[in-house]
Amino acid sequence: MKKKKRAVPWLYSAPALILIGIVVVFPIIYTAYISFTNMNLYHWNDFHFIGLENYKRALLKADSGFLSAIGVTIIWTVVNMVVQLVLAYFIALGLNAKGLKLKRVYKTLLMFPWAMPAYVSILLWKVCMYNTEFGLLNQLVTALGGSKMNYLAENVPAFFACTILNLWMALPFMIMMIDGALQSVDGSYYESATLDGAGVWQKTWYITLPCIRPIIAPSAIMTTFTTFKQFDIVYLLTKQKGSLSGASIQTIITYAHQNAFVSNNYGLSSAVSILIFVIIIVFSVFTNRGLKEE
Amino acid sequence: MTRRKTKNLLRLTFLNIFFIAICFLALVPILYAFTLSLSDGSSAFGSGLFLNPKHVTLENYRRILTEEPFLLWLKNSVILSVGTMVVAMGFATTASYAFSRFRFKGRMKILFLLILLNAFPQILSMFAIFRLFKTFGLLDSRLGLILVYAGSMCIFSIWNLKGYFDTIPVEIEEASKIDGATDLQMLVKIVLPLARPAIIVTAVMVLIYVWNEYLFATTFMLSADKYTLAGGLYQLQANDYSRSWSLFTAAAVLVSVPILIVFFCIQKYMVSGLTAGGVKG
Amino acid sequence: MKRILSSLLCGCMIMGLMAGCGQTTASSTADNTEAKESGNDTVKNEDTTEIKIWHDGDEAIMGTIESDLNETLKADNITVSFEKKSGLTDQLQLYGNDAANGPDMYFYAHDSLGMLAEMGILAPISDVTDVDALDTDLNDMTVEATTYKETQYMIPVYFETLLFLYNKDLWEGEVPTTTDELYDYMTAHTDTDAGTYAVVNQHSTAYNVAPVINGFGGYIIDKDGNPGLNAVETKEAISYNQKFAELQADGDYNTVSTLFNEGNAAAIVGGPWLVSSINDAGINLGIKSLSEFTLPNGEALAPYSGVQGVGVMKYAAESKKDAVEKVLKAIAGEEVGVDLAVNNNCAPANEKAYENTEVTSNEMVQAIRKTADTAEPMPNIPQMSVMWGPTEEFLAAVNKSDADIDSAAEEYEQAAETAISDMQ
């Protein structure tokens, strides 16, 4: 009897776990397998095992460029997540204010950026906002009497340009999550707190945040990973083939793409992928703290 | 009393102005895109174009709707996204319920492992999935794509739903257990209605992911009439040399509209069932 | 009680599973019936051979070729279909060995030839047909371009070079014949703040700077696969190009082509692919070959030429040899060449096509053909595929971020060498 009881949760989660095993775990194992072979242009069909050779080469590539890519990626993730969470929290709070009649309209409008495929949004921003000749930013600047700027040519402005675009693309989801979480907070908590004479900040700190934390933690962590491995924004804005913008910011993934994938050396790039995966695991040990429950 | 009223009025006015400003900021690129989509190909761009197109025309929309298999792509997108949603949500709901309610060995380990797996950049899986599909004859089939999409969204869904299930007090279930309800009955009759906002948000997330995905869709589907909307439009516009900006923006607007309609429709179901369920701390 | 409960649960779980699968089985049966239907189709037209060609180019050009081929090959019961695949080389890496799902042939520029040939997915043309007989009418430069390691892997169909395209209504006086005079004209007629330009060019794109680099005697990569970004001549060329870049807007494709189409730039360095949008914009277009401009060293600008042609996948060369041979003969023929020139302003690889009066009167085609005298075919060795990145980063660093040429040249030469060694 007891044994059967123990099998129940496994039974419940089996379909999902099996599917994940096929679609997510198998490719990782396969990548690991390829990383031990010399599969490349010259050995496309007749590749064989070469042991740890690729890893040796991948580690040798871990030069200063790679280290600075890690640094940039961490700054990028932290800046984006902090700004995103704070902004989303206040916007969601505003949306939940009593008596705001147009709430549904605002919510729908704010979701708009989310409804567009990522590559469309990025190209739109590249051309409609940041472009030196036709971008809205430079139209505004020249209208105010300034001279045209190239937002993507230098690293620091390009970093901010990427950050703003990432916020634009990611905020809708965060707002939606936090908004949902805020609605689940039991109103009676606030009533009794008000009776006890608690102020706005105290209520936020002791009631709202603890209540919504378990609900938004999963999506916040998921978003952290998505931000960490964000590729499209940096790549399409600054490194698209044929229209490089001049900025040379590299995140881990763009660095790997440039150094391993362009060469069509699948063995080497698989080794680099696995190494990056290991780095992400190490990175997540730090974020792990946010996951602890109970 | 009146002072409180005016104070409230001020507060609301301020909030409304704030939101109008924020919405405007969020919509600027889209408005620009919309203006572009209404201009004819040759005069796209040019100074002072914003909200003031030179030659207003619906030609771009006509071209996409009639010259491309738009409706076919729309149908493919709907089939794929709804299919994925059903599979992913079906699997994830039961799994996350198990992870939320049962304390079994290795529970946290698996949860943590799942999140790590999610960190593997999916683009790197392309080659392996190709091999897998080829072996099982899933290339060029919707089933294959649905499985890949569902598998990759399952992790997110499990985590998201589990977080919400955790906030539902176990007491409710215990009460109904005494009434003789089985676990599954409880899940369907009590937990799911209470978790409605979370389930809707997660489902929409899955839907949007599939709706906007183009890389797998164009790699594993081999004929143009099997593409999804995002995939088909990507294929049309991927090349710098073939890109017409007015056409591109028109396509972008057309892809987004169905999603926006979905957003608007689900809004009223988004109010939490928790407070309505009559559970107080 | 508990036993009942757990068995009930099991039952429900299985139900749940089936519900999940029900969805999938339903769609898989749908797929099966679709497959059957298409299977029936092929059974019905048993004697027709279908040839599937993947491309990543202009639909209008492919349309011209497709209809010509189907017309010619109707008698042989061969139908040809062109399918657009973006990211073609990536797709060929996956599907190049997959006879069931991959294409029979591909239509693409010749510069990725070496890479695909090394992967072993292409059949030499001589496996399918008598190459020498086919080549007699074809332009020598295009044959050279489609030959890798002394084996021809592609049949050239048409070729492209960059041209000097100008707006006759905006350009004042004669177009200069030396690049120095051109530069003087540009300094006099450019106002970057007002957004009006004399000449625009994708000044940080390797393909568009190649005319200067080659003209100066520099090189991006030599025949043996050695990068030449830090060669003295290359550096000279890039610093010469930088002067021009300052007066050529952002240099992004969409930016420069829009500037020209809207009449904000009097001239653009670009290829035939721009013409349809230029005509739509109603611009009074003048064309001049880049080989008519002389650099300070007395040499003419020498752009890369890109040869577009078809290659055959190995499995198709075995299983559909006869059909493939007929397609190759037809596509190399005079008729396709003439139609491409007349309908799409392409310069055909078939020399006989140039005897047609409509072709000789086509200004664009003649300009491209003339440029071919000084043009160099893009390198087709596999190493070229990793050279675009470092070269363009080098150009962008110099033109957009004011990097020092000498140190940047060393840095990106190093990057290029690493990239090449990573291929092995």
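About the cut-offs
- Residues numbered from 1 in each chain as written.
- Chains lettered and ligands numbered in written order.
- Predicted model: local features only at pLDDT ≥ 70, side-chain atom pairs only at ≥ 80, totals over all residues.
- Helix = DSSP H or I, 4+ residues; strand = E, 2+ residues; numbered from the N terminus.
- Buried ≥ 20, exposed ≤ 12 C-beta atoms within 10 Å, placed from the backbone.
- Expected span 1.5 Å × (residues − 1).
- Contact = placed C-beta atoms within 7 Å.
- Nonpolar A, V, L, I, M, F, W, Y, C, P; charged D, E, K, R; others polar.
- Domains from an automatic or database assignment.
- Core = buried A, V, L, I, M, F, W, Y, C linked by C-beta atoms within 7 Å.
- Axes fitted to C-alpha atoms, helices over the stretch in contact; angles between N-to-C directions.
- Parallel < 35°, antiparallel > 145°, perpendicular 65-115°, else oblique.
- Left-handed = near helix turned anticlockwise from the far one by under 90°.

A word on the overall build of chain A. For chain A, the count of helices and strands is 12 helices and 0 strands. Scanning chain A from its N terminus toward the C terminus, one meets helices and strands in the order α-α-α-α-α-α-α-α-α-α-α-α. Dimensions of chain A along its principal axes, counting C-alpha atoms only, are 80 × 75 × 30 Å. Burial status across chain A gives 45% buried among its 294 residues.

The next point concerns helix 6 (residues 142–167) of chain B. Between its first and last C-alpha, helix 6 of chain B extends 36 Å over 26 residues, near the 38 Å set by a 1.5 Å rise per residue. The element helix 6 of chain B is extensively covered by neighbouring structure, given that 25 of its 26 residues are classed as buried.

Here we come to the interface of chain B and chain A. Accessible area lost upon the coming together of the parts serves often as the stated size of an interface. Across the boundary between the two partners, chain B contributes 83 residues, which contact 77 residues of chain A. Of the residues forming the side of chain B that touches chain A, the biggest block, 16 residues, is contributed by helix 6 of chain B. Among the residues forming the side of chain B that touches chain A, the class breakdown is 61 nonpolar, 17 polar and 5 charged.

Moving on, we get to the domain arrangement of chain B. Taken domain by domain, chain B comprises domain 1 (34–67 + 237–271) and domain 2 (79–225). Across the side of domain 1 of chain B that touches domain 2 of chain B, the residue classes tally to 5 nonpolar, no polar and no charged.

Ile178(A), Ala88(B), Cys154(B) and Ile158(B) are the most contacted members of the largest nonpolar core, which totals 157 residues. No other element matches the 16 residues that helix 6 of chain B contributes to this core. Counting contributing residues, this core receives three or more from each of domain 1 (34–67 + 237–271) and domain 2 (79–225) of chain B. Once you skip the residues sitting within four places of it in the chain, Ile178(A) turns out to touch Ala88(A), Tyr89(A), Ala92(A), Ile212(A) and Ile216(A).

As a further point, take the packing of helix 3 (residues 70–101) of chain B against helix 6 of chain B. Residues and elements named next belong to chain B. Relative orientation of the contacting elements helix 3 and helix 6 amounts to 40 degrees, with a least axis distance of 6 Å. Taken together, the axes of helix 3 and helix 6 lie oblique to each other. Handedness of the helix 3/helix 6 crossing: right-handed. For the contact of helix 3 with helix 6, the class distribution of residues is 19 nonpolar, 6 polar and 3 charged.

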